[in-house]
Amino acid sequence: MPEESIEHLNFDELNSKAISEPLVTHIYTADPSAHLFNGKIYIYPSHDIDAGDAFDDLGSHFAMEDYHVISMDTPASEAVDNGIALHVNNVPWAEKQLWAPDAQEKDGKYYLFFPAKGYDGIFKIGVAISDVPTGPFKPQAEAIKGSFSIDPAVFKEEDGSYYMYFGGIWGGQLQRWRSGSFNAADPESPFAHLPADDQPALCAKIAKLTDDLLEFAEPARDVVILDEQGQPLLQGDTERRFFEASWLHKHNGRYYFSYSTGDTHFICYAIGDNPYGPFTYSGRILNPVVGWTSHHSVCKFSGEWYLFYHDSSLSKGITHLRSIKMVRLIHDENGFIKTIHPYNDLNVLA
Ligand code: FUB
């Protein structure tokens, strides 16, 4: 992922116009996956560090080593850092790059789902378990069988079943799995193996989880996003097609699949009538933030929806040093989400 030119930005002006503040400032955090467990908000973010790795389009500079869980009693409360919840050194199968995680609760146990690169350089998704939402989490010895790529997000359906959405292109390697096995050719290129611009876009993946939440109960399927004509979005439709950062929330009986468009920096959403989709593209949730990546979650507290997201305002624009934030998210009377502008009267891409 390239470093965006930020020379035109005045960070004092930017921070005075930001619609929300970082939730924590003593560490850098990103990719916030928020859930309500036992009436309290728990946020499962990436823990950004500067490990000194050079910037590249594969995201090698995102060299995170551990996770911290952040908790809040209410949206207005102080955000509390609960310390290290999992470290890569304790994950037998993982070598590096603990990217965006998620968590779920089942029968009083808490499951942390996380991507990491194995010693073969291939991203897989693992699970770690704790008796409490804040961890520490004990990892399984192996990654989930049949898992690949990054950015797991696990949705709990009202019937008690759980579905994992996952995947990310470029450095997230999703394009290398198009044939069903990992294509290692052109290892330095994030663009090799992508569909042509006039072909259907590469889709996020979905798989139902087994009852113990430790494995896929079925082969992963495509999460298809349709345009207004009912046709799959095309790979060249970069302002709407899926890039990474899947999330699923349910509102008034409809399923909202949201995601980042990556190199065009939007958080968009599409609506469907079941967890598998297809979903119809419905608009933008969040306009571009400072920093290259955008990644979010949507969580309800006391009847109000909130968007959790990140930007690089605290680090003055350093792409891999981000800070988690939150803001109210509004569905209008027809169920469409009102687009959020992260800085009043300011477009960071202008
Ligand atoms: O934090 C590392 C990667 O950056 C995440 O996995 C992506 O979603 C992007 O936010």
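Before any of the text, the structure's been laid out above.
Residues numbered from 1 in each chain as written. Predicted model: local features only at pLDDT ≥ 70, side-chain atom pairs only at ≥ 80, totals over all residues. Heavy atoms only, no water.

**Observations regarding the pattern of salt bridges**
Per the counting criterion, the structure on display carries 16 salt bridges. Put simply, Asp-48 and Arg-322 hold a salt bridge, and the shortest N to O gap is 2.7 Å. Placement of Asp-48 in strand β2 (residues 40–48) and of Arg-322 in the loop between β20 (304–311) and β21 (323–329) is noted, with a sequence separation of 274 residues between them. Looking at Arg-322, the relative accessible area reads 3%, which means it is buried. (Salt bridge = Lys/Arg side-chain N within 4 Å of Asp/Glu carboxyl O. Helix = DSSP H or I, 4+ residues; strand = E, 2+ residues; numbered from the N terminus. Buried < 20%, exposed > 50% of the residue type's maximum accessible area, 1.4 Å probe, protein only.)

**Digging into the sheet that holds strand β19 (residues 297–301)**
The strands making up a sheet associate through hydrogen bonds between their backbones, and the pairing can be parallel or antiparallel. The strand order across the open sheet built from 3 strands is β19-β20-β21, with neighbouring strands paired in antiparallel fashion. The outermost strands of the open sheet, each flanked by one partner alone, are β19 and β21. Along the sheet, successive strands turn relative to each other by an average axial angle of 30 degrees, direction set aside. Inspection of the sheet shows β20 paired to β21 by 7 bridges, in the antiparallel sense. (Pairing = 2+ DSSP bridges. Axes fitted to C-alpha atoms, helices over the stretch in contact; angles between N-to-C directions.)

**A few points about the site of the ligand**
Taken together, the neighbourhood of the ligand is formed by Asp-31, Ser-46, Met-64, Trp-99, Ala-100, Ile-150, Asp-151, Glu-244, Thr-293, His-295, His-310 and Arg-322. Asp-151 places a side-chain nitrogen or oxygen 2.5 Å from an oxygen atom of the ligand. Arg-322 is positioned such that a nitrogen or oxygen atom in its side chain is 2.7 Å from an oxygen atom of the ligand. Surface burial for the ligand is 100%, taken as the share of its 280 Å² of free accessible area covered by protein chains. Most atoms of the ligand, that is more than half of them, are within 2 Å of grid points of the largest cavity. Classifying every residue of the shell around the ligand by side-chain character gives 4 nonpolar, 4 polar and 4 charged. (Near = heavy atom within 4 Å. Polar contact = N/O pair within 3.5 Å; in protein donor to acceptor, adjacent residues only side chain to side chain. Areas by Shrake-Rupley, 256 points an atom, 1.4 Å probe, with all protein chains shown as cover. 1 Å grid on protein atoms, 1.4 Å probe; cavity = no way out; pocket = protein on both sides within 12 Å on 5 of 7 lines; lining within 4 Å. Sits in = over half its atoms within 2 Å of the grid points. Nonpolar A, V, L, I, M, F, W, Y, C, P; charged D, E, K, R; others polar.)

**Observations regarding the packing of aromatic side chains**
How two aromatic rings sit relative to each other is set out by the distance from centre to centre and by the angle between their planes. By the definition in use, this model includes 23 aromatic pairs. Taken together, a centroid distance of 5.4 Å and an interplanar angle of 65 degrees make the contact between Phe-37 and Tyr-110 edge-to-face. With Phe-37 in strand β1 (residues 28–37) and Tyr-110 in strand β7 (residues 109–118), this residue pair connects regions lying 73 residues apart in the sequence. Overall, Phe-37 belongs to the buried group, its relative accessible area being 6%. Their ring planes at 85 degrees and their centres at 5.4 Å tell us that Tyr-163 and Tyr-276 sit as a pair that is edge-to-face. Taken together, the residues span a long stretch of sequence, with Tyr-163 in strand β11 (residues 162–166) and Tyr-276 in the loop between β17 (267–272) and β18 (279–286) at a distance of 113 residues. With a relative accessible area of 7%, Tyr-163 lands in the buried category. (Phe/Tyr/Trp six-rings, centres within 6.5 Å; stacked < 30°, edge-to-face > 60°.)

**A short note on the side chain of Ser-258**
Positionally, Ser-258 belongs in strand β16 (residues 254–260). Look at Ser-258 and you get buried, because its relative accessible area is 0%. The contacts of Ser-258, once residues within four sequence positions are left out, are Ala-245, Ser-246, Trp-247, Cys-268, Tyr-269, Ile-285 and His-296. (Contact = heavy atoms within 4.5 Å.)

**A short note on the layout of surface pockets**
Roughly 510 Å³ of volume is contained in the largest pocket. Lining the largest pocket are 20 residues, with His-35, Gln-104, Phe-155, Lys-156 and Trp-305 sitting closest to its centre. Every element with two or more residues in the lining of the largest pocket is listed here: β1, β6 (102–106), β10 (153–156), β15 (244–251) and β19. Size it by volume and the second largest pocket reaches roughly 390 Å³. If you trace the second largest pocket, you find 24 residues lining it, with Ser-60, Lys-96, Gln-97, Lys-117 and Gly-121 closest to the centre. (Points joined across faces, edges and corners; volume = space filled by probe spheres on them.)

**Section: the sheet that holds strand β4 (residues 80–87)**
Read from one edge to the other, the open sheet built from 4 strands follows the order β1-β2-β3-β4, with strand pairing classed as antiparallel. The open sheet is flanked by β1 and β4, the only strands paired with a single partner. Each neighbouring strand pair of the sheet contributes to a mean axis angle of 25 degrees, computed without reference to strand direction. Pairing analysis gives 5 bridges linking strand β3 (residues 66–72) to β4, with the strands arranged antiparallel. Within the sheet, the bridge partner assigned to Tyr-67 lies in β4 and is Leu-86.

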